[in-house]
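Here is what each chain is made of, one letter per residue.
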Amino acid sequence: MMLIILQNFLKLFIMTTILYLIPLMSGVSQVKKDRFFLKKLEYANYEFENENYHTALPLFIELYSIDSSDLEITYKLGVCLFYVRKESLEAIKFFEKTKNFFPNSYYYLGRLYHLEQNFEKAIDYYNKALMYRKLGENVTFDEEEINFFKEKSLIAKEIISKPTNAFIWNLTDINTVYAEYAPVVSNDQKLIFFTSRRKGSTGNKLDFYLEYYEDIYLAKKNDSAGKYDIINVGETINTNLHDATLYLSPNSDTLYFFRTSPSLVSGNVYFTIIRNGELSVPQKVDINFGKGTVYSLCFSSDGETIYYSSDMEGGFGGKDIWRITKLPNNQWSLPYNLGPLINTPYDEDSPFISSDGKTLYFSSKGHKNIGGYDIFKSNLDEMGKWGKPINLGYPINSVYDDIHFQILSDNKSFYFASNRAESIGNQDIYKGMFFDPFKDYIIFKGIVLSEDLQPLQATITVIDIKTKEIQGTYRSNKKGNFITVFYPNKTYKIIVESEGYLPYFTTIEIGTEDNENLNTIEKIILKK
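In this text, all values refer to a predicted model and were calculated from it rather than measured experimentally.

Draft legend 1. Layout of the overall build of the protein. For the protein, the helix and strand inventory stands at eight helices and 28 strands. For the protein, the spread of C-alpha atoms along the three principal axes comes to 105 × 60 × 50 Å. Taking as baseline every contact in the protein between residues at least 6 positions apart, the subset at least 24 positions apart corresponds to 50%. Split by element, the accessible area of the protein, about 27,000 Å² in all, is 53% carbon and sulfur. If the 57 positive side-chain charges of the protein are averaged to one point and the 66 negative ones to another, these points end up 3 Å apart.

Okay, here's the thing in structure tokens:
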């Protein structure tokens, strides 16, 4: 009798345990959901299925705050964050929580860990996404796409481990918490026209993505202060629509820019004449660029050839690089696609031709790529054909988007825009230099730490003591590391600042034999 009672008790215990575990195993929440919750969930799911992630995001944030144990809500919140906040790393925790129930999470985690430069983990998660796909699990990304991003991680491991002889720094005078990009720079580097989505744009309007409309700004070098003065170029150029920089002529007397149509689905290229610091009323450029949107353009130094990016039909992918040339009758030729060696099934954008016309720089999401857009160059051979594109390498390229590259006539100084992790805003303007480390410049490496030896993100300002000009403003990364570049035979004052800490001051004298310090790491400890 006792045995029968014990057996019945065990059966009851097992059934109770199973009933308890089933919802946990299936990701079903135990939170009681009223009709308002269910109605909101229905609406959120509808927007999600229609890929209206901007509308769905606030709904899933609210639903998650009510029931964070619902794995489907958690997963969909992660997806919305990924797309709306442009591959935001905050989505990692949501995908980590749901990866065993929603295999697509492995793909998203691969993308996000790549951005953290955790390439081994990214590759592992891409492999798991491929495995689940082969097993017939619900992985909606095809094998080609997963392998495409996996290849980026493999390439990034190789390229980042071998930095090139280039040095870059953030133009903190210009950049804000908003997006700044598309710099076009005068050869004397005293004028930088650029595009910004900062607050206070003409019309002060927000678009669908809650970003301010694009306006054109001018950064003018203030020699006495060693900084840039920033002004909005005004309503002669800027409108209530999107207005964005494209190209500045070599003698800095003509600025080309793009203005959207009132419908915001198309637009036109305009130019304005610059005289005595004043910009003329803009005129529409009367050139046939083909049936498509012109996203960026540049002229050859003689003004006889235009290279531009467009999504017109007849290309090899989304955006392609095209060319038109001026004919003997002073008319422009029909558009000519640069072909599959330059253009890929992905996007190519922001072409820039060197002053001698022999090197074409552009950004691409294809080729041997480590991020979103990478900057490449192609050299013109003796037969007049463009060679295989070469990745400009790290640190110019990052695991994020690097675009709008312009090299000056000295073939050393360059500018570009990037949304890399250490940027101040959504996208920042950077300046850089190519150098011979044993001839042109001296490299100084450092790390900024707190008193308990925790890495700090800090701003490092370098001032030439003799001229009192700011040589550069740099930022340490999440690990506290930074690199600065010095000219020989100069003395510099260095100021290191981080929020919540006392500033650090030091002076460094650079001779001609300081190359031995190339691999020296200077520790800078900030106190509270």
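Once you've had a look at it, read on.
Draft legend 2. Fine view of the confidence of the model for the protein. Looking at the protein, the pLDDT average stands at 89 and 91% of residues meet or exceed 70. The model gives residues 1-28 a pLDDT under 50, and that stretch makes nine contacts with residues more than four places away or in other chains.

Draft legend 3. Layout of the sheet that holds strand 5 (residues 227-232). The strand order across the open sheet formed by four strands is 2-3-4-5, and the pairing between neighbours is antiparallel. Strands at the two margins of the open sheet, each flanked by one partner only, are strand 2 (180-185) and strand 5. Strand after strand, the sheet turns through a mean of 30° between neighbouring axes, direction not considered. Examined bridge by bridge, strand 3 (residues 191-196) and strand 4 (residues 215-222) share six bridges and lie antiparallel to one another. Bridge pairing links serine 196 to aspartate 215 in strand 4.

Draft legend 4. Region of the structure containing the packing of aromatic side chains. Considering all chains together, one arrives at 41 aromatic pairs under this definition. Ring centres of tyrosine 256 and phenylalanine 271 lie 6.1 Å apart, and the angle between their planes is 40°; this geometry places the pair in the tilted category. Linking tyrosine 256 in strand 7 (residues 254-260) with phenylalanine 271 in strand 8 (residues 267-275), this pair joins segments that are 15 residues apart in sequence. Take tyrosine 256: its relative accessible area is 15%, and that puts it in the buried class. Sitting above the plane of the tyrosine 295 ring, lysine 319 keeps its charged end 4.2 Å from the centroid.

Draft legend 5. A look at the pattern of salt bridges. Under the definition given, this model contains 17 salt bridges. When the shortest N-O distance is used, the salt bridge between arginine 197 and aspartate 207 registers 3.1 Å. Of this pair, arginine 197 sits in the loop between strand 3 and strand 4 while aspartate 207 is found in the loop between strand 3 and strand 4, placing the two residues 10 residues apart along the sequence. Classification of arginine 197 by relative accessible area gives buried; the value is 14%. Note on aspartate 207: relative accessible area 13%, which makes it buried.

Draft legend 6. Fine view of helix 8 (residues 143-160). With 18 residues, helix 8 should cover 26 Å at 1.5 Å per step; its first-to-last C-alpha distance of 26 Å lies within 8% of that length. Every buried residue of helix 8 is accounted for by Ile146, Phe148, Phe149, Lys150, Lys152, Ser153, Ile155, Ala156, Ile159 and Ile160. Close packing links the buried residues of helix 8 with helix 6 (104-115), helix 7 (119-134) and strand 18 (390-391). For helix 8, the N-terminal capping position is held by aspartate 142, with its side-chain oxygen 3.2 Å away from the main-chain nitrogen of glutamate 144.

Draft legend 7. Focus on the sheet that holds strand 12 (residues 305-310). Strand order across the open sheet formed by four strands is 11-12-13-14, with antiparallel pairing between neighbours. Single-partner strands in this sheet number two, and they are strand 11 (294-299) and strand 14 (336-337). Of the pairings in the sheet, the one linking strand 12 to strand 13 (residues 320-325) comprises six bridges and is antiparallel in character. Among the inter-strand pairings, tyrosine 307 is bridged to a residue of strand 13, identified as arginine 323.

Draft legend 8. Broad picture of the packing of helix 6 against helix 7. Running from N to C, helix 6 and helix 7 cross one another at 165°; their axes reach a closest spacing of 8 Å. Here helix 6 lies roughly antiparallel to helix 7, going by the angle between them. Where helix 6 crosses over helix 7, the handedness of that crossing is left-handed. Counted together, Tyr106, Tyr107, Leu109, Gly110, Arg111, Tyr113 and His114 of helix 6 and Phe119, Lys121, Ala122, Tyr125, Tyr126, Lys128, Ala129 and Tyr132 of helix 7 form the full contact between these two elements. Looking at side-chain class alone, the contact of helix 6 with helix 7 contains 10 nonpolar, two polar and three charged residues.

Draft legend 9. Fine view of the environment of glycine 472. Looking at the element boundaries, glycine 472 is found in strand 24 (residues 470-475). Here glycine 472 is in contact with Trp169, Ile460, Thr461 and Val462, once residues within four sequence places are set aside.

Draft legend 10. Region of interest: the nonpolar core. In this structure, Phe60, Phe95, Tyr107, Tyr108 and Ile146 are the most contacted members of the largest nonpolar core, which totals 47 residues. No other element matches helix 4 (residues 71-84), which puts eight residues into this core. Ignoring anything within four residues of it in the chain, the contact list for tyrosine 108 reads Tyr75, Val79, Phe82, Tyr83, Phe95 and Phe141. With 38 residues, the next largest nonpolar core counts Val269, Ile287, Leu338 and Phe362 among its residues.

Draft legend 11. Region of interest: the pairing of strand 11. The buried fraction of strand 11 is high, at five of six residues. As paired strands, strand 11 and strand 12 are joined by five bridges and run antiparallel to one another. For phenylalanine 299, the partnering residue across the bridge sits in strand 12 and is isoleucine 306. Taking the residues that link successive antiparallel strands as the turn, the strand 11-strand 12 hairpin has five residues, and the phi of glycine 303 there is positive, at about 75°.

Draft legend 12. Just helix 3 (residues 53-66), in detail. Between its first and last C-alpha atoms helix 3 spans 20 Å; for 14 residues at 1.5 Å apiece the expected length is 20 Å, and the two agree. For helix 3, the set of buried residues is Tyr53, Ala56, Leu57, Leu59, Phe60 and Leu63.

Draft legend 13. Summary view of the pairing of strand 16 (residues 359-364). Along strand 16, six of the six residues are buried, which leaves the element largely enclosed by surrounding structure. Both faces of strand 16 are covered, namely the face carrying Thr359, Tyr361 and Ser363 and the face carrying Leu360, Phe362 and Ser364. With four bridges connecting them, strand 15 (residues 348-353) and strand 16 associate as antiparallel partners. Residue pairing in the sheet places aspartate 349 in a bridge with serine 363 of strand 16. Pairing analysis gives six bridges linking strand 16 to strand 17 (residues 374-379), with the strands arranged antiparallel. Counted as the bridge partner of phenylalanine 362 is phenylalanine 376 from strand 17.

Rules of the game
Residues numbered from 1 in each chain as written. Predicted model: local features only at pLDDT ≥ 70, side-chain atom pairs only at ≥ 80, totals over all residues. Heavy atoms only, no water. Helix = DSSP H or I, 4+ residues; strand = E, 2+ residues; numbered from the N terminus. Contact = heavy atoms within 4.5 Å. Areas by Shrake-Rupley, 256 points an atom, 1.4 Å probe, with all protein chains shown as cover. Lys, Arg positive; Asp, Glu negative; His and termini not counted. Charge placed at Lys NZ, Arg CZ, Asp CG, Glu CD. pLDDT = per-residue confidence, 0-100. Pairing = 2+ DSSP bridges. Axes fitted to C-alpha atoms, helices over the stretch in contact; angles between N-to-C directions. Phe/Tyr/Trp six-rings, centres within 6.5 Å; stacked < 30°, edge-to-face > 60°. Buried < 20%, exposed > 50% of the residue type's maximum accessible area, 1.4 Å probe, protein only. Lys NZ or Arg CZ within 6 Å of the ring centre and 35° of its normal. Salt bridge = Lys/Arg side-chain N within 4 Å of Asp/Glu carboxyl O. Expected span 1.5 Å × (residues − 1). Polar contact = N/O pair within 3.5 Å; in protein donor to acceptor, adjacent residues only side chain to side chain. Parallel < 35°, antiparallel > 145°, perpendicular 65-115°, else oblique. Left-handed = near helix turned anticlockwise from the far one by under 90°. Nonpolar A, V, L, I, M, F, W, Y, C, P; charged D, E, K, R; others polar. Core = buried A, V, L, I, M, F, W, Y, C linked by side-chain atoms within 4.5 Å.

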